[in-house]
Amino acid sequence: MALSRRDWLRGSALVAGMLAPPGVGATMPAAEKLEIWPGGVGPGSKGAALTQKMVERSQDPARPDRYMEGITRPYLTIHRPAKPDGRALLIVPGGGYQRVVVDKEGGELAPLLTAQGTTVFILTYRLPGEAPQHGPTVALQDAQRAMRLIRHRAKSFHIDGDRLGIMGFSAGGHVAATLGTKFDEPVYDAVDAADKLSARPAKLALIYPVIDMGGVAHTGSRDRLLGPNPSPAEVERFSADRNVTAATARTFLLHASDDTAVSVENSLLFHAACRRAGVEVEMHLYAKGGHGFGHGARIAGDNPLRRWPELFTEWYGRG
């Protein structure tokens, strides 16, 4: 079901309330937290000398901009709608594989989605530099596990496991795209019954995503994922566009052409790969917007990019 204009305005009001000073407008409903691994600690992270903490980098209390670092206990933040319609979305925030942003590329989008019945799960995942024994597959481990765990508990979440998609921003877009192309690659040993389920997303949404590990790579993300001198085999394995197959889910791409951090060529490469593989793909490119704009409410002026969540929700409601 596509998002109606009424629901869109309602969701926008919720976001405005969330960003407003305390006591002004609506507030977000309480979210739940669920650690994704038995015992909490992810594979290979036990004993890691890390302090898992949330850092606030905004000076404006009305606009929080937090990130998580030192992650050993990856978890889902769950936002439930008042009237779930069976759809669900796993959101993977960005952070250049250095941190995990939790507000503008996570929680701020949740009210728009829950307003129309979609249950939202936001993944706080482990980072390759903080789990070097697993390196480039550690975030993929967490993404696969999250998809399987959500499906395993679908009944309790009032969702249809076959209608679970994934959205990723920036480096989180690389996590999502890697899951979308390597959902069945064995990267960890099964730990319980959830791991018998598929990790394939029903739909794939990539927002200013890191895709390439070669000539148009975001060098910070690549260096943290693969090191400063990756081999040709590593570049091939972790350039998501080079691993698209007919089994890749239908895809939504969004990028600003003036993005100087993650080149728009990343989205163009993935779009071309989807077309070659026969994967249904929809792409929206904007002239201006830069990088890291997150939810549309943070975009200044009358830039039409402000309305991108409406395009996404209409797309996500199809089929």
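It should be noted that the structure appears before, not after, this text.
Residues numbered from 1 in each chain as written. Predicted model: local features only at pLDDT ≥ 70, side-chain atom pairs only at ≥ 80, totals over all residues. Heavy atoms only, no water.

Caption draft 1: View of the packing of aromatic side chains. Overall, the coordinates contain 10 aromatic pairs when judged by the stated rule. Their ring planes at 40° and their centres at 6.0 Å tell us that Phe 312 and Trp 315 sit as a pair that is tilted. Remark: Trp 315 and Phe 312 occur in helix α9 (residues 308-316); sequence separation between them is three residues, near one turn of the helix. Under the relative-accessibility criterion, Trp 315 is labelled buried at 1%. (Phe/Tyr/Trp six-rings, centres within 6.5 Å; stacked < 30°, edge-to-face > 60°. Helix = DSSP H or I, 4+ residues; strand = E, 2+ residues; numbered from the N terminus. Buried < 20%, exposed > 50% of the residue type's maximum accessible area, 1.4 Å probe, protein only.)

Caption draft 2: Seen up close, the nonpolar core. By size, the foremost hydrophobic cluster in this structure holds 57 residues, and its most contacted members are Leu 76, Leu 90, Phe 121, Tyr 125 and Phe 270. Tallying contributions element by element places helix α3 (residues 138-152) first for this core, with seven residues. Those residues in contact with Leu 90, other than ones at most four positions away along the chain, are Leu 76, Phe 121, Leu 123, Ala 143, Ala 146, Met 147, Ile 150, Leu 164, Gly 165, Ile 166 and Met 167. The next biggest cluster of nonpolar side chains, apart from the first, holds 24 residues, and it includes Ile 91, Leu 109, Ile 122 and Tyr 208. (Core = buried A, V, L, I, M, F, W, Y, C linked by side-chain atoms within 4.5 Å. Contact = heavy atoms within 4.5 Å.)

Caption draft 3: Structural detail: the sheet that holds strand β6 (residues 100-101). Read across the sheet, three strands follow the order β2-β3-β6 without closing on themselves; strand pairing throughout is antiparallel. Each edge of the open sheet carries a strand with a single partner, namely β2 (53-56) and β6. By the bridge criterion, two bridges tie strand β3 (residues 66-69) to β6 in an arrangement that is antiparallel. Directly across from Tyr 67, in β6, lies its bridge partner Val 101. (Pairing = 2+ DSSP bridges.)

Caption draft 4: Examining the side chain of Ser 221 more closely. Along the chain, the position of Ser 221 falls in helix α6 (residues 219-226). In this structure Ser 221 comes out as buried when scored by relative accessible area, which is 0%. Apart from residues lying up to four places away in sequence, Ser 221 is in contact with Gly 96, Tyr 97, Ala 171 and Val 210.

Caption draft 5: Representation of empty space enclosed by the protein. Within the structure shown, the criterion is met by one cavity of 30 Å³ or more. Looking at the largest cavity, its volume works out to about 30 Å³. As for the largest cavity, its lining consists of Tyr 97, Pro 136, Ala 139, Leu 140, His 174, Val 175, Thr 178 and Phe 238. Contributing elements (two or more residues each) for the lining of the largest cavity: α3 and α5 (171-182). (1 Å grid on protein atoms, 1.4 Å probe; cavity = no way out; pocket = protein on both sides within 12 Å on 5 of 7 lines; lining within 4 Å. Points joined across faces, edges and corners; volume = space filled by probe spheres on them.)

Caption draft 6: Quick look at the packing of α3 against α5. Contact geometry for α3 and α5: axes closest at 9 Å, N-to-C directions at 65°. It follows from the interaxial angle that α3 and α5 lie roughly perpendicular. The interaxial crossing formed by α3 with α5 has right-handed handedness. Where α3 approaches α5, its residues Ala 139, Leu 140, Ala 143, Gln 144 and Met 147 are matched on the opposing element by Val 175, Thr 178, Leu 179 and Lys 182. Residues that form the contact of α3 with α5 fall into these classes: six nonpolar, two polar and one charged. (Axes fitted to C-alpha atoms, helices over the stretch in contact; angles between N-to-C directions. Parallel < 35°, antiparallel > 145°, perpendicular 65-115°, else oblique. Left-handed = near helix turned anticlockwise from the far one by under 90°. Nonpolar A, V, L, I, M, F, W, Y, C, P; charged D, E, K, R; others polar.)

Caption draft 7: Summary view of unusual backbone geometry. Positioned with a positive phi, His 158 is a non-glycine residue whose angle comes to about 60°. Along the chain, His 158 turns up in the loop between α4 (154-157) and β8 (159-169).

Caption draft 8: Geometry of the side chain of Thr 72. Turning to its location among the elements, Thr 72 is positioned in the loop between β3 and β4 (75-79). Its relative accessible area of 12% is what places Thr 72 among the buried residues. Ignoring anything within four residues of it in the chain, the contact list for Thr 72 reads Gly 40, Val 41, Gly 42, Ser 45, Ala 48, Leu 50, Gln 52 and Arg 126.

Caption draft 9: Expanded view of the pattern of salt bridges. Counted according to the given criterion, the structure contains 16 salt bridges. We note a salt bridge from Lys 182 to Glu 185, for which the minimum N-O separation is 3.3 Å. Each member of the pair, Lys 182 as well as Glu 185, carries the same accessibility label: buried. The residue Arg 250 makes a salt bridge to Glu 280 at a minimum N-O spacing of 3.4 Å. Of this pair, Arg 250 sits in strand β10 (residues 250-256) while Glu 280 sits in the loop between α8 (265-277) and β11 (281-286), and the two are 30 residues apart along the sequence. Overall, Arg 250 belongs to the buried group, its relative accessible area being 18%. When its relative accessible area of 49% is taken as the criterion, Glu 280 is described as partly exposed. (Salt bridge = Lys/Arg side-chain N within 4 Å of Asp/Glu carboxyl O.)

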